[in-house]
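Per-entry structural report
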Amino acid sequence: MNIKMPEFDVKKFVKGAGSTLSRVVQLTEEKLGTSEKTEMDARFEHLSERSDSAKLWTEKIMRDTEAALIPNPANRMEDFIFEKIEKQKPKRLSNLEYLGLDMIEGGGEFGQDGPYGSALIKVGQAEQKLGSCERDFIGSAGMCFIQPLKKFLEGEMKTITKEKGVLESKRLDLDACKNRVRKARSMIGQQAAERDLRVAQSEFDRQAEITKLLLEGISTTQATHLRYLHSLVEAQVRYYGQCNKIMSDLQRELVSMRPPTPRLRVNSEDVDLTCGPPYLSKFQTQDSSQHYQQTITLHPAVLTTSGKPPLSISPENFPIVDDSVIAALVADSDPNDISVL
């Protein structure tokens, strides 16, 4: 069995190595200030700077948008790997959906017939809807904003970067030829150097024109990117509108589930006031560090009298206290030294 080995072009390899060495020498001399450098015109330099700026800020905006949509860097890395290998992102539940699942399971454990258990289930269902909306928004924002920007960077900007690199190589070849013309000592060497210079100048001019056309096309991409930005804002408006509707509906449901009897919230606990308005007592104790602690205690009313209540009578004879008396009593006390039971 005869295996045909690929042909190796020695001349091409030597020529390429010679060109590379010549460019290295030319670049080194430019850094040392011993060789002249061909400068591009002001228009080209302006276009090149705008291209670099567009690339820089597009990359930053794209990365920041990805971080805002998927804050967890591990998840972003996982998505990147799966897109490269599987050509699609992995499916995962969002944090809101996990929260919703736990709330629903917890509500079932506490008892779905009880006020707390049933409320947990309602809130859990709402959190799951929010998580679903969030996932849809992330997908929509990725399709209408992130993917077009990524395509721009990997397409047009990558081509421009490549052509600018080729232009720099042609520029180094041109300046190296100029140096050889200046350093030529014989007539034959002068003619050969001038011939190489004409070829290098022609290739440089052609590459400069190609690169300039590509750079001029960058300015037209801003109008396209503006449409992508509008699409992102529209997706955000839809997303937050859906979230607002879900939470408003949930709030109405929770309000409708509240018990009809009047209740008082004290230290995050509901106090049933079906026995009548509350009355209170205030007394002061002193601990071992000589610190005085005032305590306000609310009780169902059992006795109605007129006027403000004396605070030193026995608990069974506490009178009714209206809101103004409670407010005055709390206002006259140090909030750090008051506990409401």
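The model shown is predicted, which means the values in this text are computed figures rather than measured ones.

Thoughts on the overall build of the protein
- Counting secondary structure elements, the protein contains eight helices and five strands.
- Reading the secondary structure of the protein in the N-to-C direction produces α-α-α-α-α-α-α-β-β-β-β-α-β.
- By residue count, 28% of the 341 residues in the protein fall in the buried class.
- For the protein, the exposed area adds up to about 23400 Å²; of that, 57% sits on carbon and sulfur atoms.

Regarding the packing of helix H5 (residues 115–183) against helix H7 (residues 218–256)
- Relative to each other, H5 and H7 sit at 175 degrees, their axes nearing to 9 Å. Classified by the angle their axes make, H5 and H7 are roughly antiparallel.

Here's the deal with the packing of helix H2 (residues 42–69) against H5
- For the pair H2 and H5, the least separation of the axes is 10 Å and the interaxial angle reads 150 degrees. By the angle class used here, H2 and H5 are roughly antiparallel. Note that H2 runs across H5; the crossing there is left-handed.
- Within the contact of H2 with H5, the residues separate by chemical class into 15 nonpolar, five polar and six charged.

A look at H2
- When the terminal C-alpha atoms of H2 are compared, their 41 Å separation across 28 residues agrees well with the 40 Å that a helix rising 1.5 Å per residue should span.
- Along H2, the positions that sit buried rather than exposed are Phe-44, Leu-47, Ser-48, Ser-51, Thr-58, Met-62, Thr-65 and Leu-69.
- Packed against the buried residues of H2 are H5 and helix H6 (187–216).
- The opening residue of H2 is Asp-41, an N-cap whose side-chain oxygen sits 3.1 Å from the backbone nitrogen of Arg-43.

What about the environment of Leu-120?
- Inspection of the secondary structure assignment puts Leu-120 in helix H5.
- A relative accessible area of 14% places Leu-120 in the buried class.
- Once residues lying within four places of it in the same chain are set aside, the contact partners of Leu-120 are Met-103, Ile-104, Gly-106, Gly-107 and Phe-110.

Focus on the state of the cysteines
- For the structure shown, the criterion picks out zero disulfides.
- Cys-133 takes part in no disulfide bond, and the closest cysteine sulfur to it belongs to Cys-243, at a distance of 5.4 Å.
- The class for Cys-133 is buried, based on a relative accessible area of 12%.

Side note on a negative patch on the surface
- Among the surface-exposed residues, Glu-39, Asp-41, Glu-45 and Glu-49 lie close enough to one another that they form a single negatively charged patch.
- The topology assignment puts Asp-41 in the loop between helix H1 (10–32) and H2.
- Taking the relative accessible area as the measure of exposure, Asp-41 reaches 40% and is therefore partly exposed.

Digging into empty space enclosed by the protein
- Throughout the structure, instances matching the rule amount to one cavity of 30 Å³ or more.
- Taken as a whole, the largest cavity spans an internal volume of roughly 30 Å³.
- Lining the largest cavity are Leu-47, Arg-50, Ser-51, Leu-215, Ile-218 and Ser-219.
- Among the secondary structure elements, those contributing two or more residues to the lining of the largest cavity are H2 and H7.
- Take the lining of the largest cavity: its biggest share by element is three residues, from H2.

About the thresholds
Per chain, residue numbering runs from 1 following the sequence as it is written. Per-residue local features are limited, in this predicted model, to residues with pLDDT of at least 70; the limit for side-chain atom pairs, both in listing and counting, is 80 or more; totals at the level of whole chains, interfaces and linings are taken over all residues. Heavy atoms throughout the structure, all of them, feed into the side-chain values; hydrogens and water do not. Secondary structure counts use DSSP, requiring at least four H or I residues in a row for a helix and at least two E residues in a row for a strand, with both numbered from the N terminus. Relative accessible area decides the class of each residue, using a 1.4 Å probe on protein chains only: under 20% of the type maximum gives buried, over 50% gives exposed, and in between gives partly exposed. With residues, only the protein chains shown are counted as cover, and all accessible areas are computed by Shrake-Rupley using a 1.4 Å probe. To obtain each axis, a line is fitted to C-alpha atoms, and for helices this fit is confined to the stretch in contact; angles are then taken between N-to-C directions over 0 to 180 degrees. Here is the rule for angles: anything less than 35 degrees is roughly parallel, anything more than 145 is roughly antiparallel, 65 through 115 is roughly perpendicular, and the remaining ranges are oblique. Definitions for this section: a left-handed crossing has its near helix turned counterclockwise from the far helix by less than a right angle. A right-handed crossing has that turn clockwise. Under the convention adopted here, Pro, Cys and the residues Ala, Val, Leu, Ile, Met, Phe, Trp and Tyr are nonpolar, Asp, Glu, Lys and Arg are charged, and Gly plus all remaining residues are polar. One less than the residue count of a helix, multiplied by 1.5 Å, gives the span that helix is expected to have. Residue contacts are defined here by distance: any two heavy atoms, one from each residue, within 4.5 Å place the two residues in contact. Here a polar contact is taken to be a pair of N or O atoms separated by no more than 3.5 Å, where protein atoms must pair a possible hydrogen donor with a possible acceptor and residues adjacent in sequence count only if both atoms sit in side chains. For the purposes of this analysis, a disulfide is any pair of cysteine sulfur atoms at a distance within 2.5 Å. Like-charged residues within 9 Å of one another, or nonpolar side chains (Val, Leu, Ile, Met, Phe, Trp, Tyr) within 5 Å, are grouped into patches, provided each residue has over 30% relative accessible area and no salt bridge. Counted as salt bridges are all cases of a side-chain nitrogen of Lys or Arg within 4 Å of a carboxyl oxygen of Asp or Glu. Working convention for charge: Lys and Arg count positive, Asp and Glu count negative, and His plus the chain ends are omitted. In plain terms, the charge of a residue is placed at NZ if it is Lys, CZ if Arg, CG if Asp and CD if Glu. In this analysis a 1.4 Å probe is tested at points of a 1 Å grid over the protein atoms alone, and where it fits but cannot get out there is a cavity; an open set with protein on both sides within 12 Å along at least five of seven lines is a pocket; lining residues have an atom within 4 Å of a point. Grid points are joined across faces, edges and corners, and a volume is the space filled by probe spheres set on the points.

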